[in-house]
Amino acid sequence: MKKYTDLTDISNLEALIEEAKALKKDPFSFENLGKRKRLVMLFFNSSLRTRLSTEKAAQNLGMDVTVMNFNSDAWKLEFEDGTVMNGDTSEHIKEAAQVISQYADVIAVRAFPTLTDKKKDESEYVINNFVKYATIPVLNMESATAHPLQALADAITISEFKTKDRPKVVLSWAPHTKALPQAVPNSFAAMMQLCDVDFCITNPEGYDLNPELTKGTKIIRNQKEALQDADFVYVKNWSSYTNYGEILNPFETNKNWTMTQEKLGVAKFMHCLPVRRNVVVEDAVLDSNQSLVIPQANNRTFAAQVVLKQIISP
Ligand code: AN0
Ligand code: CP
């Protein structure tokens, strides 16, 4: 693997999931592979799981890790070509990416979308400029439109917990009080399209994801109908794609989309976390043994570890 910025970087998903599971059983089996190699993790946004699990994954492989909160600690980066840099940006991505490449063997980047400029977000200008100017592999820790490490952890989790060959998986939109990116549902949908599952998405009108990405996937407006006979229910909020980055209605209007024990039935509950209790999902679900959120978060380590292993393998 030369980089991992979206799911198209995976050549054999089944083998990757099996290798991740093997690493989970024996996390230190490649503890010398990363010796004297360094992962530099650059965060333009907050994180709990990604930061701690990716660092742990790298260390399990024997790598050294440097973490940098870019917004507070580094110079403000310029991404435009040919700009007269007499504004608030101090350093161009061209130099920054090449310089970091001399200090590291892999660069990992987290950079959320603006949610105001759709074209700019869809250009993935942050992560793509790192790919363009860095001379080492780039790892996506959630970009404007994709969260491929999360999606891989989700696929590992489903493969561990499924009780039938072709489970039914539903991606169910949930209300939220903040405008959130589409990155997690985009990558989850893309991942489910690659897996042997019966997959559908349910969301209210106005919240359809990018139709390019959901081509061939059923979108069912009626949540109850979508949830029928589900084995896994992946709940997530995202802001509108059509009315880009907007929350279309106040929380009260959509609170009937909150996941409840009653709606979940006997299905397993999944969420990438962090989750707002009693907004996205009621306490009873998170506190039940149908919730997979804790093992799902644990799998973030082995998703990152298998990807890093493939990236640094000769
Ligand atoms: C982010 C999102 O929805 O993309 C990160 C999730 C992993 N969530 C929040 O900002 C709450
Ligand atoms: N799921 C996830 O990426 O969590 P963090 O934002 O805490 O890293």
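Procedures and definitions
Residues numbered from 1 in each chain as written. Chains lettered and ligands numbered in written order. Predicted model: local features only at pLDDT ≥ 70, side-chain atom pairs only at ≥ 80, totals over all residues. Heavy atoms only, no water. Core = buried A, V, L, I, M, F, W, Y, C linked by side-chain atoms within 4.5 Å. Buried < 20%, exposed > 50% of the residue type's maximum accessible area, 1.4 Å probe, protein only. Domains from an automatic or database assignment. Contact = heavy atoms within 4.5 Å. Pairing = 2+ DSSP bridges. Helix = DSSP H or I, 4+ residues; strand = E, 2+ residues; numbered from the N terminus. Axes fitted to C-alpha atoms, helices over the stretch in contact; angles between N-to-C directions. Near = heavy atom within 4 Å. Polar contact = N/O pair within 3.5 Å; in protein donor to acceptor, adjacent residues only side chain to side chain. Areas by Shrake-Rupley, 256 points an atom, 1.4 Å probe, with all protein chains shown as cover. 1 Å grid on protein atoms, 1.4 Å probe; cavity = no way out; pocket = protein on both sides within 12 Å on 5 of 7 lines; lining within 4 Å. Sits in = over half its atoms within 2 Å of the grid points. Nonpolar A, V, L, I, M, F, W, Y, C, P; charged D, E, K, R; others polar. Points joined across faces, edges and corners; volume = space filled by probe spheres on them. Buried area = accessible area lost by both parts, 1.4 Å probe. Salt bridge = Lys/Arg side-chain N within 4 Å of Asp/Glu carboxyl O.

1. Points about the nonpolar core
- Y4, L39, L152, M191, F199 and L308 are the most contacted members of the largest nonpolar core, which totals 54 residues.
- Shared between two domains, this core takes at least three residues from each, and those domains are domain 1 (7–146 + 299–312) and domain 2 (150–296).
- Setting aside anything within four residues of it in sequence, one finds F199 in contact with V169, L171, F188, A189, M192, T217 and K218.
- Core analysis: the second largest hydrophobic core is formed by 22 residues, V40, I107, A111 and I136 among them.

2. Thoughts on the sheet that holds strand 5 (residues 106–110)
- On the basis of which strands lie adjacent, the open sheet formed by 4 strands has the order 2-1-5-6 and parallel pairing. Edge positions in the sheet fall to strand 2 (64–69) and strand 6 (138–140), since each of these pairs with one other strand and no more. Strand-to-strand twist across the sheet, computed as the mean angle between neighbouring axes with direction ignored, equals 20°.
- Alignment of strand 5 against strand 6, held across 3 bridges, turns out to be parallel. Within the sheet, the bridge partner assigned to A108 lies in strand 6 and is L139.
- In the packing of helix 6 (residues 125–133) onto the sheet, contacts are made with strand 1 (38–43), strand 5 and strand 6, and the angle to strand 6 comes to roughly 160°.

3. Observations regarding the site of ligand 2
- In the region of ligand 2, the neighbouring residues are S47, L48, R49, T50, R110, H147, Q150, C272, L273 and R300.
- At a separation of 2.7 Å, an oxygen atom of ligand 2 approaches a polar backbone atom of L48.
- At 2.8 Å, a side-chain N or O of R110 approaches an oxygen atom of ligand 2.
- Here ligand 2 loses 93% of its free accessible area of 250 Å² to cover by the protein chains.
- Judged by its atoms lying within 2 Å of the grid points, ligand 2 is housed in the largest pocket.
- Class assignment for the residues of the shell around ligand 2 results in 3 nonpolar, 4 polar and 3 charged.
- Here the shell around ligand 2 spans two domains, and each of domain 1 (7–146 + 299–312) and domain 2 (150–296) adds at least three residues to it.

4. A closer look at empty space enclosed by the protein
- Here the structure, examined in full by the defined rule, presents 2 cavities of 30 Å³ or more.
- Here the largest cavity defines a volume of roughly 60 Å³.
- If you go around the largest cavity, the residues you meet are A111, F112, P113, K120, D121, E124, Y125, V126, I127, S143 and A144.
- Sorting the residues of the lining of the largest cavity by element identifies helix 5 (118–122) and helix 6 as the ones contributing at least two each.
- The element best represented in the lining of the largest cavity is helix 6, accounting for 3 residues.
- Of the residues belonging to the lining of the largest cavity, the class tally is 7 nonpolar, 1 polar and 3 charged.

5. Digging into the domain arrangement of the protein
- Under the domain assignment used here, the protein contains domain 1 (7–146 + 299–312) and domain 2 (150–296).
- Using only C-alpha atoms to locate each centre, domain 1 and domain 2 end up separated by 25 Å.
- Domain 1 puts 26 residues into the contact, and the matching count from domain 2 is 32 residues.
- In this assembly, domain 1 packs against domain 2 so that about 2,200 Å² is buried in total across both faces, 64% of it on carbon and sulfur atoms.
- Summed over the three residues of domain 1 that lose the most area to domain 2, namely L7, L115 and N299, the buried surface amounts to 30% of that side.
- Applying the counting criterion to the domain 1 and domain 2 interface returns 1 salt bridge.
- Here E160 and K24 are joined by a salt bridge, their closest N and O atoms 2.8 Å apart.
- Our enumeration of links across domain 1 and domain 2 arrives at 11 residue pairs in polar contact (both at pLDDT 80 or more).
- Those elements giving two or more residues to the side of domain 1 that touches domain 2 turn out to be helix 1 (13–25), helix 5 and helix 14 (293–312).
- The element best represented in the side of domain 1 that touches domain 2 is helix 1, accounting for 6 residues.

6. Notes on the layout of surface pockets
- Its volume calculated, the largest pocket comes out at about 600 Å³.
- Considering the residues around the largest pocket, the lining is formed by 31 residues, among which R110, F112, L180, L273 and P274 are closest to the centre.
- For the lining of the largest pocket, the elements supplying multiple residues, two or more each, are helix 2 (49–60) and helix 8 (183–194).
- Per-domain counts for the lining of the largest pocket show at least three residues from each of domain 1 (7–146 + 299–312) and domain 2 (150–296).

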